[in-house]
Amino acid sequence: MESIGEQSTGHHFIHQRIAEDCAAGRYEGRVHTRFPPEPNGYLHIGHAASICLNFGMAEAFGGLCNLRFDDTNPIRETSEYAESIMEDIRWLGFDWGDRLFYASDYFEQLYQLALELVRAGKAFVCDLSIDEIRAHRGTLTEPGRESPYRDRSIEENLALFQGMRAGDFPDGSKVLRARIDMGSPNLNLRDPVMYRISRARHHRTGDSWPIYPMYDWAHGQSDSIEGITHSICTMEFEDHRPLYDWFIEQLGIHHPRQIEFARRNLSYTVMSKRHLLRLVEEGHVAGWDDPRMPTLSGMRRRGYPSGGVREFCERIGVGRRENTVDISLLEHCIRQDLEGRALRYMGVLNPIKVVIENYPEGAEEELEGPLHPTDSSFGSRVLPFSRELYIEATDFMEDPPRKFFRLGPGREVRLRYGYFITSKDVVKDPDTGAVVELRCTYDPDTRGGQAPDGRKVKGTIHWVSARHAQTVEVRLYDRLFSVSDPTDVPEGGSFLDHINPDSLTVIHCPVEPALRTLEAGAVIQFERQGYFCVDREDSRPGAPVFNRTVTLRDSWKGGAGGEKA
RNA sequence: AGCCUGGUAGUGUAAAGGUAGCACAGCUGAUUUUGGUUCAGUUAGUCAAGGUUCGAAUCCUUGCCGGGCUGCCA
């Protein structure tokens, strides 16, 4: 407000609020954020946006960002999940340095702080059962009723809470509650539970704690303990902020500023843990890292470059309203990243044989093609050429529309980095009438793809020499769902009803021999088709398996339906 | 129903009382040995109604529509 000049425009509201705080000298101008996942699942693209936000804000203001696992519910959390989360964050390109923390690191401090609240008469031990607590809580429109244990003496509460910690009571028999206001219109303030008794074994503290703090109690204090200045979280915690403020004020400890933003949804996919879990458990996908999953491990396996994912997270911005980002923006960012660095090769996904009638039988030669069309530093590879080739079946039409630039009866096209060929005749299956082979002639003077007489052709198609081709497995991935919002289902329906039956097509097809030497993880483009990566799990030396990362843009209107122009 | 919160092109996001802009998507065209890339152009928007003001996406009022909240989950 008094610092209008510092409020640079064009930045999102979180950036602006942090800038305001810095300009006003809050937190001595320090900026310290944190990414606080619960280690009970895999990270997805929504988490990536949050990671970019937290690490990004710290970086933008010369601050720090911690990684803290909010591991307060041992029955759902494991170290394996924590490991995969760390791997994903590193893959995205962020570094938490030596600031890896766990809420469980603070169990003792949290316990001491709770004791402080008990001594101040601000927390009490409650013997009500789960159902009774629920019944006492009231509803959205009616106030709650106070627990009959609410007015226990401080001494009694102290003894009871220490007894809980010592393991004197059975699981679920008592809880520690904050003593706030059962009449508050904000349900979070109706004497919320701070601790429950549970003998569950914790992935880090083992069996040393029979009580575990609730998220609402642990989270804010953990942020405070770490000296976090800006606690960035999603909108559903907005109603919890008054509770976090209350705890901090009662305790008189460091008070971070919480800023909420709306979580991002992506079209043609689902993002909730519940939905993703169901896809995995019911076998609709091959696992959490299935290339069709919106998880970071899935995207990584599919070949999405982390730089493209980060760029996407930047470009979707941050807001406070419900939103659904168009998946085409993600695909755009991925293509943009890949365009400059994917090596170009040729592979024929849906082959049809071509015989060059005027090319000597048994002869062959080596042609050369650059590995990148504009960046010569990538070098080139050898392309063996012979009398029999494979081309894409969709690159030939017996009765082509006017705007079809590819092969048709009597038409001439260029074989990329090869020769001009002209279609002369077709061979058909006597039973089905389907075209099974093309008979063509080539022009020996067009070697490399250029005609000395200056003659032009409209189309350039990719090809592979049949004799030299290697057959490889290619997995053509498409969107997992066929509708923009899979969760929008009629009464009694399921998001599973919208699964795209063609989200994965596995084919075995001829590719150029140079591909044999590619290493797992390599990123390439099959020219005119799309970007692919060599699968890290299933590829073998000399036998790469390709995952289609994303198709190339296709602005040919006749592409899909063969529309006559 | 009570409390909290939000509504800007198809989608996402800027504009903090002063020309409604950017990106993706769409559409045109140019270039092109990928119908790719690149380049140029273009379609399309302030939820509604009142009010304040010389001037409102922005401030006020009312209405409409959306999201969140009744775990010993996070």
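Reading the values: rules and limits
- Residues numbered from 1 in each chain as written.
- Chains lettered and ligands numbered in written order.
- Predicted model: local features only at pLDDT ≥ 70, side-chain atom pairs only at ≥ 80, totals over all residues.
- Heavy atoms only, no water.
- Helix = DSSP H or I, 4+ residues; strand = E, 2+ residues; numbered from the N terminus.
- Buried < 20%, exposed > 50% of the residue type's maximum accessible area, 1.4 Å probe, protein only.
- Areas by Shrake-Rupley, 256 points an atom, 1.4 Å probe, with all protein chains shown as cover.
- Lys, Arg positive; Asp, Glu negative; His and termini not counted.
- Charge placed at Lys NZ, Arg CZ, Asp CG, Glu CD.
- Near = heavy atom within 4 Å.
- Polar contact = N/O pair within 3.5 Å; in protein donor to acceptor, adjacent residues only side chain to side chain.
- Nonpolar A, V, L, I, M, F, W, Y, C, P; charged D, E, K, R; others polar.
- Expected span 1.5 Å × (residues − 1).
- Pairing = 2+ DSSP bridges.
- Axes fitted to C-alpha atoms, helices over the stretch in contact; angles between N-to-C directions.
- Contact = heavy atoms within 4.5 Å.
- Core = buried A, V, L, I, M, F, W, Y, C linked by side-chain atoms within 4.5 Å.
- Domains from an automatic or database assignment.
- Phe/Tyr/Trp six-rings, centres within 6.5 Å; stacked < 30°, edge-to-face > 60°.
- Lys NZ or Arg CZ within 6 Å of the ring centre and 35° of its normal.
- Salt bridge = Lys/Arg side-chain N within 4 Å of Asp/Glu carboxyl O.
- Parallel < 35°, antiparallel > 145°, perpendicular 65-115°, else oblique.

Trainee: Tell me about the overall build of chain A, residues and numbers included.
Mentor: In terms of regular secondary structure, chain A is built from 12 helices and 26 strands. Dimensions of chain A, computed from C-alpha atoms along their principal axes, come out at roughly 105 × 55 × 45 Å. Residues counted as buried form 52% of the 565 residues belonging to chain A. Summing over all exposed atoms, chain A offers an accessible surface of approximately 25700 Å²; the carbon and sulfur share of this is 47%. Each charge class in chain A was averaged separately, 69 positive and 87 negative side chains, and the resulting centres sit 3 Å apart.

Trainee: Hey, could you go over the protein's contact with RNA strand B for me, with residue numbers and the actual values?
Mentor: Taken together, the neighbourhood of RNA strand B is formed by 70 residues, with Gln16, Arg321, Arg406, Gly448 and Gln525 sitting nearest. The sugar-phosphate portion of RNA strand B accounts for 62% of its atoms within 4 Å of the protein, the bases making up the rest. Between RNA strand B and Arg315, the relevant distance is 2.6 Å, taken from a sugar or linking oxygen to a side-chain nitrogen or oxygen of the residue. For the surface near RNA strand B, the leading source of residues is helix 12 (residues 327-339), giving four residues. When the residues that make up the surface near RNA strand B are grouped by side-chain class, the tally is 23 nonpolar, 23 polar and 24 charged.

Trainee: Break down helix 12 for me, citing the residues and quoting the values.
Mentor: Note on helix geometry: an α-helix contains 3.6 residues per turn, so any two residues three or four positions apart are oriented the same way. Along its 13 residues, helix 12 runs 18 Å from first to last C-alpha, staying within 8% of the 18 Å computed at 1.5 Å per residue. Among the residues making up helix 12, those that are buried are Ile327, Leu330, Glu331, Cys333, Ile334, Arg335 and Leu338.

Trainee: Hey, could you go over the sheet that holds strand 25 (residues 530-534) for me, with residue numbers and the actual values?
Mentor: The six strands lie next to each other as 12-24-25-26-22-23, forming an open sheet whose pairing is mixed. The open sheet has two free edges, formed respectively by strand 12 (343-345) and strand 23 (504-511), since each of these has just one partner strand. Adjacent strand axes in the sheet meet at a mean angle of 35° when their direction is disregarded. Relative to strand 26 (residues 545-551), strand 25 is paired through five bridges, and the arrangement is antiparallel. Each residue of the ladder has a partner; that of Phe532, found in strand 26, is Arg548. The sheet strands contacting helix 12 are strand 12, strand 24 (523-526), strand 25 and strand 26, and the helix crosses strand 26 at an angle near 120°.

Trainee: Can you explain the nonpolar core? Please cite residues and give values.
Mentor: Generally speaking, nonpolar side chains in soluble globular proteins are found buried as a group. Ile45, Ile89, Val309 and Phe312 are the most contacted members of the largest nonpolar core, which has 40 residues in total. Residue assignment for this core shows that the elements contributing at least two residues are helix 2 (45-60), strand 2 (64-69), helix 3 (79-92), helix 10 (296-302), helix 11 (306-315) and helix 12. If one sorts the elements of this core by residue count, helix 2 sits on top with seven residues. Both domains that furnish three or more residues to this core are identified here as domain 1 (31-261) and domain 2 (273-339 + 472-551). For Phe312, the contacting residues outside a window of four places in its chain are Ile45, Leu266, Val325, Leu329, Leu330 and Cys333.

Trainee: Now, about the packing of aromatic side chains: what can you tell me, with residues and values included?
Mentor: Going through the model one piece at a time under the given rule, you end up with 21 aromatic pairs. Considering the side-chain rings of Phe107 and Tyr212, the 5.9 Å spacing of their centres and the 70° angle between planes classify their relative orientation as edge-to-face. Here Phe107 is found in helix 4 (residues 107-119), whereas its partner Tyr212 is found in strand 7 (residues 211-213), with 105 residues between them in sequence. Accessibility assignment for this pair places Phe107 and Tyr212 in one class, buried. An angle of 85° between the planes, with centres 4.8 Å apart, marks the rings of Tyr419 and Tyr442 as edge-to-face. One end of the pair, Tyr419, is in the loop between strand 17 (412-415) and strand 18 (420-428); the other, Tyr442, is in strand 19 (residues 435-442), and 23 residues separate them in sequence. For the pair Tyr419 and Tyr442, one class covers both residues: buried. A network of ring pairs unites the aromatic residues Phe107, Tyr111, Phe161, Tyr195, Trp209 and Tyr212 as a single cluster. One cation-aromatic arrangement involves Arg406 over Trp556; the distance from NZ or CZ to the ring centre is 4.6 Å.

Trainee: Describe the pattern of salt bridges, and please don't skip the residues or the numbers.
Mentor: If you walk through the whole model with that rule in mind, you get 53 salt bridges. Residues Asp98 and Arg99 are paired through a salt bridge, measuring 3.8 Å at the closest nitrogen-oxygen approach. With a relative accessible area of 68%, Asp98 lands in the exposed category. Residue Arg99 is classed as buried on the basis of its relative accessible area of 15%. Here Asp171 makes a salt bridge to Arg199, at a shortest N to O gap of 2.9 Å. Taken together, the positions of Asp171 in the loop between helix 6 (154-166) and strand 5 (175-178) and Arg199 in the loop between strand 6 (193-197) and strand 7 put the pair 28 residues apart, joining distant regions of the chain. Since its relative accessible area comes to 42%, Asp171 is described here as partly exposed. It is possible to trace a salt-bridge network through shared partners that takes in Asp289, Arg301, Glu473, Arg475, Asp535 and Asp538.

Trainee: Describe the packing of helix 4 against helix 8 (residues 241-251), with residues and values.
Mentor: Two elements in contact, helix 4 and helix 8, have axes whose closest approach is 10 Å; the angle formed by their N-to-C orientations is 80°. As the angle between them shows, helix 4 and helix 8 are arranged roughly perpendicular. Residues Leu113, Glu116 and Leu117 of helix 4 form the contact with helix 8, whose participating residues are Phe247, Gln250 and Leu251. Of the residues belonging to the contact of helix 4 with helix 8, the class tally is four nonpolar, one polar and one charged.

The values are spatial; any link to function lies outside them.
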